2 protein chains.
Amino acid sequence: MTATAPRPPEASGPRAQTSFRTIKTEILRRIRDRIWQPGELIPGEEELAREFGCARVTVNRALRELAQIGIVERKRRAGTRIAEHPLREARLEIPVVRVEVEALGAQYRFAVLSRETLAAPEAMRARLDLSGDVRMLHLRCLHFADNRPWQFEDRWINLAAVPDIEPETFETISPNEWLVKNAPFSEMEIALSATAATTEEAELLGIAKGDPLFVFERTTWLLDQPLTHVRMLHRPDYRMVSRF
Amino acid sequence: MTATAPRPPEASGPRAQTSFRTIKTEILRRIRDRIWQPGELIPGEEELAREFGCARVTVNRALRELAQIGIVERKRRAGTRIAEHPLREARLEIPVVRVEVEALGAQYRFAVLSRETLAAPEAMRARLDLSGDVRMLHLRCLHFADNRPWQFEDRWINLAAVPDIEPETFETISPNEWLVKNAPFSEMEIALSATAATTEEAELLGIAKGDPLFVFERTTWLLDQPLTHVRMLHRPDYRMVSRF
DNA sequence: AATTACGATATGTATGTACATAATTGTCAA
DNA sequence: TTGACAATTATGTACATACATATCGTAATT
């Protein structure tokens with residue numbers, strides 16, 4: 001005797017399984033239609049399973065996924081309730097520039113504008129919590145999409161933390177990708193803002209001085225050791241989009 | 001005979017179940033330690049289940065959740081591989097303006113600049129995938145931190161989806177907070193960009209025309225029904241920061 | 001009255017099994 | 001060579017079941 005009883009042969013169609021997706025949608029519908037209000041306790045898994053004619057595990061998965069995106073809140077013994085404050089966090093994907101450009105169907109190219117090894121300037125030491133003499137690699141790159149300037153990247157790399165990068169010439173691989181592949185990090189800080197283009201920045205990006213630029217800064221650490229700080233400037237028509 | 005064979009009595013401890021969490025952690029460890037490189041195909045669920053001494057479903061759950069956060073990529077028949085570009089994702093908390101301002105120790109205040117109910121203009125219909133006659137509530141608000149303009153909010157609300165908001169006067173609660181409390185959503189799209197202040201925007205925010213503005217747009221849906229679209233403009237000195 | 005212990009209960013998760021589905025690979029014919 | 005189609009295979013998901021675990025209410029104890 002097998003564990004699962006043979007499913008009753010459905011009259012027609014390939015199957016009449018109750019998908020956890022169906023349940024998710026139905027629950028969302030009930031929320032939308034105010035059948036279940038925010039804060040309200042909804043029936044238990046067992047009861048819902050009976051109602052939907054499926055196994056409890058299936059209801060469980062539906063509810064678990066709804067809890068994951070903050071629609072409902074669950075507690076053992078206490079049951080499941082519609083979230084009162086669906087306070088949610090947006091997940092912002094941080095793509096590799098090349099991938100981002102290629103995803104648009106454009107051709108990607110980058111150029112290293114300058115490269116120098118030097119002692120960390122005071123501002124960078126402060127930003128990265130570095131003290132004493134620290135050698136850093138300073139890179140300035142321009143990224144193109146179909147030969148149109150796409151992003152200007154100003155990057156500082158802590159050579160003590162990433163020594164392998166010093167001999168790299170970046171002829172085939174960009175610093176961005178080199179680091180993604182070779183320098184895992186455990187912590188990251190990002191800052192988003194807007195600024196006005198300086199004369200130099202405007203020239204590089206092919207826009208006018210004073211035009212608004214979208215600024216994306218990122219600093220990464222491995223444990224407590226700072227790895228790199230990068231400031232990326234985008235043309236005013238750039239939009240960073242994320243949907244979920 | 002029951003479906004599940006009695007578990008072999010573990011020598012000690014409460015249980016030696018193979019948790020999907022254990023598997024997730026172990027897989028992450030193997031990625032971190034470069035045992036499995038980005039792009040690499042990892043063993044199938046069956047084999048991993050054998051290795052970890054657990055059911056395939058358990059491995060499935062671990063891998064499914066890792067796929068959800070972008071660590072691995074899965075395709076039927078093709079197997080599971082480590083994501084090539086571990087797109088680290090930044091988690092941006094969706095702040096309620098008031099909370100954001102108060103977190104800085106500043107006093108929060110807001111003003112509704114205008115409020116009108118009207119048929120959705122073409123641009124908004126297009127953006128929200130709405131068709132036909134749709135009544136919308138259009139609100140323009142200014143948020144202050146210590147009486148200094150902090151954010152200009154331009155919001156469109158789909159009244160068909162959120163009818164309860166129509167009588168609300170927003171004298172004590174901002175549209176932002178009202179919606180957070182009363183209108184759960186299941187999908188969201190956010191877009192970040194930079195733009196130049198128009199004359200009116202500059203005046204409202206107390207800056208000069210053409211100054212760069214940080215733009216945060218958000219659209220939310222419940223199921224397929226659009227709820228609201230909001231465009232938030234910030235002064236050039238604003239920085240949206242997230243660390244993790 | 002306050003504290004503790006305990007039982008009831010809802011969710012959490014592991015397992016074996018069965019079948020669904022997508023995608024690749026191989027096969028054969030045009 | 002190519003195109004159509006079938007076989008193969010890894011993942012996807014449903015189900016019955018069993019047990020784990022957190023937590024709430026209540027009863028027993030201090």
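Residue positions are given per chain, counting from 1 as you read along its sequence in written order. Whichever chain is written first is A, and whichever ligand is written first is 1; the rest continue in order. Thresholds applied to this predicted model are a pLDDT of at least 70 for local features of residues and 80 or more for the giving and counting of side-chain atom pairs; totals over whole chains, interfaces and linings are not thresholded and use all residues. Excluding hydrogens and water, the side-chain figures rest on all heavy atoms present in the structure.

### A closer look at the protein's contact with DNA strand D
Put simply, the test is: Only heavy atoms are used to decide nearness, and a residue is near a molecule or strand if one of them lies within 4 Å of it. A 3.5 Å cut-off defines polar contacts: any pair of N or O atoms within that distance qualifies, except that in protein one atom must be a possible hydrogen donor and the other a possible acceptor, and neighbouring residues in sequence count only when both atoms are side-chain atoms. For this classification, the nonpolar set comprises Ala, Val, Leu, Ile, Met, Phe, Trp, Tyr, Cys and Pro, the charged set comprises Asp, Glu, Lys and Arg, and every other residue, Gly included, is treated as polar.
DNA strand D sits among 28 residues. The nearest are Ser19, Arg21 and Thr58 of chain A together with Arg56 and Arg74 of chain B. Backbone atoms, meaning sugar plus phosphate, form 71% of the atoms of DNA strand D positioned within 4 Å of the protein. Arginine 77 of chain A is positioned with one of its side-chain polar atoms (N or O) 2.9 Å from a base oxygen of DNA strand D. Residues of the surface near DNA strand D, tallied by class, amount to four nonpolar, eleven polar and 13 charged.

### Quick notes on the nonpolar core
Quick note on the threshold: Only buried residues count toward a nonpolar core. Its members are Ala, Val, Leu, Ile, Met, Phe, Trp, Tyr and Cys residues joined through side-chain atoms within 4.5 Å. Three exposure classes are used, based on accessible area relative to the maximum for each residue type with a 1.4 Å probe and protein chains only: buried under 20%, partly exposed in between, and exposed over 50%. Working definition: helices are DSSP H or I runs of at least four residues, strands are E runs of at least two. Numbering for both runs from the N terminus. The criterion used for residue contact is that any of the two residues' heavy atoms lie within 4.5 Å.
Of all hydrophobic cores here, the largest spans 73 residues; its most connected members are Leu192, Phe214 and Phe216 of chain A together with Val162, Ile165, Leu192 and Phe214 of chain B. When residues in this core are grouped by element, the largest group, five residues, is from helix H1 (residues 20-32) of chain A. For phenylalanine 214 of chain A, the residues in contact, after removing those within four places along its chain, are Leu192, Ser193, Met232, Leu233, His234, Tyr238 and Met240 of chain A together with Leu192, Ser193, Ala194 and Phe214 of chain B. In terms of nonpolar packing, the next biggest core, distinct from the first, is built from 15 residues, Cys54, Val59, Ala62 and Val72 of chain B among them.

### Re the environment of glutamate 122 of chain B
Along the chain, glutamate 122 of chain B falls in helix H5 (residues 122-128). Of the polar contacts made by the side chain of glutamate 122 of chain B, one reaches the side chain of arginine 125 of chain B; its length is 2.7 Å.

### A look at the sheet that holds strand E9 (residues 212-222) of chain B
For clarity, the cut-off: Pairing between strands requires that DSSP locate at least two bridges from one strand to the other. Convention adopted: a line fitted to C-alpha atoms gives each axis, helices being fitted over their contacting stretch, and angles between N-to-C directions are expressed from 0 to 180 degrees.
Spatial strand order, E11(A)-E8(B)-E9(B)-E10(B)-E7(B)-E6(B)-E5(B): seven strands in an open sheet with antiparallel pairing. With one partner strand each, in any of the chains shown, strand E11 (239-243) of chain A together with strand E5 (108-119) of chain B form the two edges of the open sheet. If you compare each strand with its neighbour and ignore which way they point, the axes differ by 15 degrees on average. Both E11 of chain A and strand E8 (residues 187-196) of chain B contribute to a ladder of five bridges, which runs antiparallel.

### Focus: the protein's contact with DNA strand C
Close to DNA strand C lie 30 residues, the nearest being Arg56 and Arg74 of chain A together with Ser19, Arg21 and Thr58 of chain B. Within 4 Å of the protein, the atoms of DNA strand C are drawn from sugar and phosphate moieties in a proportion of 68%. Within the side chain of arginine 56 of chain A, a nitrogen or oxygen atom sits 2.6 Å from a base oxygen of DNA strand C. For the surface near DNA strand C, the secondary structure elements donating two or more residues are helix H3 (56-68), strand E2 (72-75) and strand E3 (79-82) of chain A together with helix H1 (20-32) and helix H3 (56-68) of chain B. Here the surface near DNA strand C gets four residues from one element, more than from any other, and that element is H3 of chain B. Residues of the surface near DNA strand C, tallied by class, amount to five nonpolar, twelve polar and 13 charged.

### A closer look at H3 of chain A
Defined as follows: One less than the residue count of a helix, multiplied by 1.5 Å, gives the span that helix is expected to have.
For H3 of chain A, which comprises 13 residues, the first-to-last C-alpha distance of 18 Å matches the rise-based estimate of 18 Å (1.5 Å per residue) to within 8%. For H3 of chain A, the full list of buried residues reads Val59, Ala62, Leu63, Arg64, Glu65 and Leu66 of chain A. If you follow the buried residues of H3 of chain A, they end up packed against H1, strand E1 (41-42), helix H2 (45-52), E2 and E3 of chain A together with H3 of chain B. Among the residues trailing H3 of chain A, glycine 70 of chain A stands out with phi positive, at a value near 85 degrees.

### Considerations on the environment of leucine 48 of chain B
Following the sequence through the fold, leucine 48 of chain B ends up in helix H2 (residues 45-52). Spatially, the C-alpha atom of leucine 48 of chain B lies 9.6 Å from that of asparagine 60 of chain B, the residues being twelve residues apart in sequence.

### Quick word on the confidence of the model for chain A
Selection criterion: The quantity called pLDDT is the predictor's confidence in a given residue, expressed from 0 to 100.
With 90% of its residues at a pLDDT of at least 70, chain A reaches an overall mean of 85. Taken as a whole, residues 1-16 of chain A scores under 50 in pLDDT and shows four contacts with residues more than four places along the chain or in a different chain.

### A closer look at the sheet that holds strand E10 (residues 225-234) of chain A
Note on sheets: strands pair through backbone hydrogen bonds, and any given pair is parallel or antiparallel. Overall, antiparallel pairing links the seven strands, which are arranged E5(A)-E6(A)-E7(A)-E10(A)-E9(A)-E8(A)-E11(B) in an open sheet. Since the sheet does not close on itself, it has two edges, and those belong to strand E5 (108-119) of chain A together with strand E11 (239-243) of chain B, each with one partner. Strand after strand, the sheet turns through a mean of 15 degrees between neighbouring axes, direction not considered. Pairing between strand E6 (residues 135-145) of chain A and strand E7 (residues 148-158) of chain A: ten bridges, direction antiparallel. Looking at E7 of chain A, one finds that leucine 142 of chain A is bridged to phenylalanine 152 of chain A. Relative to the sheet, helix H6 (residues 175-182) of chain A contacts E5, E6, E7, strand E9 (212-222) and E10 of chain A, its axis offset from that of E7 of chain A by approximately 50 degrees.

### Regarding the packing of H2 of chain A against H3 of chain A
Residue and element names in this part refer to chain A. Here is the rule we go by: Small angles under 35 degrees read as roughly parallel and large ones over 145 as roughly antiparallel, with 65 to 115 read as roughly perpendicular and the rest as oblique. Rotating anticlockwise by less than a right angle from the far helix to the near helix defines a left-handed crossing, while the corresponding clockwise rotation defines a right-handed one.
The contact between H2 and H3 brings their axes to 8 Å, and the two run at 110 degrees. Comparing their axes, H3 and H2 come out roughly perpendicular. The hand of the H2/H3 crossing is right-handed. Side by side, H2 and H3 meet where Glu45, Glu46, Leu48 and Ala49 of the first sit next to Arg56, Val59, Asn60 and Leu63 of the second. Classifying every residue of the contact of H2 with H3 by side-chain character gives four nonpolar, one polar and three charged.

### Things to note about the packing of aromatic side chains
Here is the rule: Pairing of aromatic rings covers Phe, Tyr and the six-membered ring of Trp, with a centre-to-centre limit of 6.5 Å; geometry is then stacked below 30 degrees between planes, edge-to-face above 60, and tilted otherwise. Two conditions define a charge located above a ring, namely a distance within 6 Å from the ring centre to NZ of Lys or CZ of Arg, and an angle within 35 degrees of the ring normal.
What the rule picks out here adds up to seven aromatic pairs over all chains. Ring centres 6.2 Å apart and planes at 25 degrees place the aromatic pair tyrosine 108 of chain A and phenylalanine 110 of chain A in the stacked group. In terms of burial, tyrosine 108 of chain A and phenylalanine 110 of chain A fall into one category: buried. Among the aromatic side chains, those forming a connected cluster through ring pairs are Trp150, Phe214 and Tyr238 of chain A together with Trp150, Phe214 and Tyr238 of chain B. Taking the ring centre of phenylalanine 20 of chain A as reference, the NZ or CZ of arginine 61 of chain A above it sits at 3.9 Å.

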